[in-house]
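Here's the letter readout for the chains.
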Amino acid sequence: MQIEVKSQMTGNVWKIVVGEGNEVEEDQEILILESMKMEIPVLSPEDGKVISLNVSEGDFISEGDVVAVIEEE
Amino acid sequence: MFSKVLVANRGAIAARIIRTLKKMDIATVAIYSEPDSELPYLKDADESYLLDGKTAIETYLNQQKILNIIQQSGVDAVHPGYGFLAENTSFVQKLEEINVTFIGPSSRYISLMSDKCDARELMNKSSLPVGKGSNVLTTDIEEMKREANEVGYPVLVKPSNGGGGIGMIPVYDDKHLPKAVEQAKTMAEKFFSDSSIYLEKYFEKPRHIEFQIVADTYGNVEHLFERDCSLQRRHQKIIEESPAPGIDVEEINELGAKIQQAIKDIGYDNIGTVEMLRSNKGEYSFLEMNTRLQVEHAVTEKITGLDLVETQVQSAGGMKLKDILPNLIERHGHSLEVRVYAEDPINFFPSPGNLSVYKFPDRDDVRIETGFKEGNTISSYYDPMIAKIIVHEETRKKSIEKMQEYLETVKIEGLKTNIPFLIYTLKSKEFQTGNVHTKLAEELAYRMKEEIKTNS
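Residues numbered from 1 in each chain as written. Chains lettered and ligands numbered in written order. Predicted model: local features only at pLDDT ≥ 70, side-chain atom pairs only at ≥ 80, totals over all residues. Heavy atoms only, no water.

This brings us to the overall build of chain B. Counting its secondary structure elements, chain B contains 16 helices and 20 strands. In summary, chain B has a C-alpha radius of gyration of 22 Å against a globular reference of 23 Å for 456 residues, a match within 12%. Taking the principal axes of its C-alpha atoms as reference, chain B extends roughly 55 × 55 × 45 Å. Taken across its 456 residues, chain B has 59% of its residues classed as buried. (Helix = DSSP H or I, 4+ residues; strand = E, 2+ residues; numbered from the N terminus. Rg over C-alpha atoms; globule rule 2.2 N^0.38 Å. Buried < 20%, exposed > 50% of the residue type's maximum accessible area, 1.4 Å probe, protein only.)

And the structure:
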């Protein structure tokens, strides 16, 4: 099953931690957002494989935007 | 005194400083970034200058752009507010070179206190209690572990040139140490351009007790009592008050006198704040000294009746403390401040947006400090704090009631704020009984979330 990973906040993509094709565990950091001097990680909701990353470092994203898609195993 | 002062800041604190400068008949110069061009503090100032750009780096942290405006506007002093360049040694040195007064301490004290390890050592020499700490860590993992065991777990991994809680990670055993140090280094490099890290003894559930210091340029120092700032999320304060609940006056007086002496020993020369942690057993440990006006200065203003911005300007202008302060410094009643942040009240995630409704009812007994008005946009470029609300009553109980009652009347739409969380906290048994510590805000947020789940 594919799961969309949504951003819970508005801000800039500071750092992308994993790459497309990487295996991730539940609660592993996928990327780190920055807004208002704070850094908030976006975590993987499940164990799985990152099949797409929809954002690049420096992108401005809004709350609810899909930042990545995980294929659950 | 000064004839014209540039305020090197934005929003609420710029407005606050301009208000006092006007009262003192000093002309004011404001600066602003592109996203801030509609903010009300610009209308308060006699002159205002644009810093082209949006991010803090391009604007309020850009020393060259600000120095150009300082020259162009012909000011004789600069007030930095808090944050941005308030504790930047090189900026202050540049002002000293061109004979423009920095309304704050001399650059050497900023430099002295900016290195947390040096500051701890210095305060230790002056007989302030300092919890055990390590040297700056090397990359050698075995040595790192030795240092941690020397300090004794749990330890707090901490950037030695940091602030604001950024890059601070508690560690409970050897196994998790290397990764935590690595993470802290990355953060420290990014935020402070200095990746040096050290370890400190970690107090679990401590209270944050700080002392307001005022000093002149002649070696005189006084303290203006304590503030309890234990309510924090991500090491950023949410609620501040004075007096600190449930701590004996003797304990406060004794510690205050010690701190006053330590600051006198180093020759400090403007206002500042000494932050201490207090363990649940009543032990204190020096945390750091902030060499600037604090966000929560209004709490001290309320209990002492002083205007700390005026005090700061007078001290920087060469007045002696005995001519600035009343003969007898007394405190009256209890003051409480809450910070309104543009953020989700449960998970504390930032929530930038447009203030489509922004109403703080006017009341004589409630002080509001905000840099925004209805229709303004809170951008993601800067700090999430949008307002501070301060009350002053005879007792702590009355302060809490007044604040709670007032918060219910504030109307903000267009973005999320932490007001529901502030009300929840003020109503909690822990806060009301003064059973506060630096992890309480997180515990209450968790409980609030669970209750919302149950009720929905």
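Time to look at the nonpolar core. All names here are of chain B. Among the nonpolar cores identified, the biggest contains 99 residues, and Leu6, Ile70, Ile386, Ile389 and Ile412 are the most heavily contacted of them. With sequence-adjacent residues up to four places away left out, Ile412 is seen in contact with Val340, Leu355, Val357, Tyr358, Phe360, Ile386, Thr417 and Ile419. Among the nonpolar cores identified, the runner-up in size contains 25 residues, and Met113, Val221, Ala262 and Tyr268 belong to it. (Core = buried A, V, L, I, M, F, W, Y, C linked by side-chain atoms within 4.5 Å. Contact = heavy atoms within 4.5 Å.)

Our focus in this paragraph is helix H11 (residues 308–316) of chain B. Residue and element names in this part refer to chain B. With 8 of its 9 residues buried, H11 lies for the most part within the structure. If you check which residues of H11 are buried, you get Leu308, Val309, Thr311, Gln312, Val313, Gln314, Ser315 and Ala316. Between a side-chain oxygen at the N-terminus of H11 and the backbone nitrogen of Val309 the separation is 3.0 Å; the capping residue is Asp307. Positioned one or two residues after H11, Gly318 has a phi angle of 100°, which is positive. (Polar contact = N/O pair within 3.5 Å; in protein donor to acceptor, adjacent residues only side chain to side chain.)

Next up on the list: the pattern of salt bridges. All names here are of chain B. For the coordinates displayed, the defined rule picks out 39 salt bridges over all chains. Between Asp228 and Arg207 there is a salt bridge, and its shortest N-O distance comes to 2.6 Å. Highlighted residues: Asp228 in strand S10 (residues 221–233) and Arg207 in strand S9 (residues 207–215), separated in sequence by 21 residues. An identical accessibility class is assigned to Asp228 and Arg207; each is buried. Residue Glu450 pairs with Lys453 through a salt bridge whose shortest N-O separation is 3.4 Å. With Glu450 and Lys453 both in helix H16 (residues 440–455) and 3 residues apart, the pair spans about one turn of that helix. Taking the relative accessible area as the measure of exposure, Glu450 reaches 28% and is therefore partly exposed. Through salt bridges with shared partners, a single ionic network connects Arg16, Arg19, Lys23, Glu301, Asp307, Glu310, Arg367 and Glu369. (Salt bridge = Lys/Arg side-chain N within 4 Å of Asp/Glu carboxyl O.)

What follows is about the packing of helix H3 (residues 63–73) of chain B against helix H4 (residues 89–97) of chain B. Residue and element names in this part refer to chain B. Direction vectors running N to C along H3 and H4 enclose 25°, while the axes themselves pass 11 Å from each other. Comparing the axis directions of H3 and H4 gives the class roughly parallel. In the packing of H3 onto H4, the handedness of the crossing is right-handed. Of H4, the residues touching H3 (which contributes Gln63, Ile66, Leu67 and Ile70) are Ser90, Phe91, Lys94 and Leu95. For the contact of H3 with H4, the class distribution of residues is 5 nonpolar, 2 polar and 1 charged. (Axes fitted to C-alpha atoms, helices over the stretch in contact; angles between N-to-C directions. Parallel < 35°, antiparallel > 145°, perpendicular 65-115°, else oblique. Left-handed = near helix turned anticlockwise from the far one by under 90°. Nonpolar A, V, L, I, M, F, W, Y, C, P; charged D, E, K, R; others polar.)

Here we take up a negative patch on the surface. A contiguous patch of negative charge, built from Glu23, Glu25, Glu26, Asp27, Glu46, Asp47 and Glu73 of chain A, is present on the exposed surface. Structurally, Glu25 of chain A can be placed in the loop between strand S3 (23–24) and strand S4 (29–35). (Patch = residues over 30% accessible without salt bridge, like charges linked within 9 Å, V, L, I, M, F, W, Y side chains within 5 Å. Areas by Shrake-Rupley, 256 points an atom, 1.4 Å probe, with all protein chains shown as cover. Lys, Arg positive; Asp, Glu negative; His and termini not counted. Charge placed at Lys NZ, Arg CZ, Asp CG, Glu CD.)

Moving on to the sheet that holds strand S3 (residues 47–51) of chain B. All names here are of chain B. What the 5 strands build is an open sheet, ordered S3-S2-S1-S4-S5; its pairing is parallel. Edge strands, defined here as strands with exactly one partner in the open sheet, are S3 and strand S5 (101–102). Here 4 bridges tie strand S1 (residues 4–7) to strand S2 (residues 27–33), and the two strands are oriented parallel to one another. Each residue of the ladder has a partner; that of Leu6, found in S2, is Val29. Sheet strands in contact with H3 are S1, S2, S3 and strand S4 (77–79), and its direction is about 150° off that of S3. (Pairing = 2+ DSSP bridges.)

For the rest of this paragraph, the subject is the interface of chain B and chain A. Contacts between the two partners involve 21 residues from chain B, matched on the other side by 15 residues from chain A. In total, about 1,500 Å² of surface goes out of reach between chain B and chain A, with carbon and sulfur atoms giving 64% of it. On the chain B side of the interface with chain A, the three residues burying the most area are Lys190, Phe349 and Pro350 of chain B, jointly 36% of the side's total. Close ionic contact of Glu63 of chain A with Lys416 of chain B constitutes a salt bridge, the shortest N to O distance being 3.3 Å. Inspection of the chain B/chain A interface yields 2 residue pairs in polar contact (both at pLDDT 80 or more). The residue inventory of the side of chain B that touches chain A, partitioned by class, reads 10 nonpolar, 6 polar and 5 charged. (Buried area = accessible area lost by both parts, 1.4 Å probe.)

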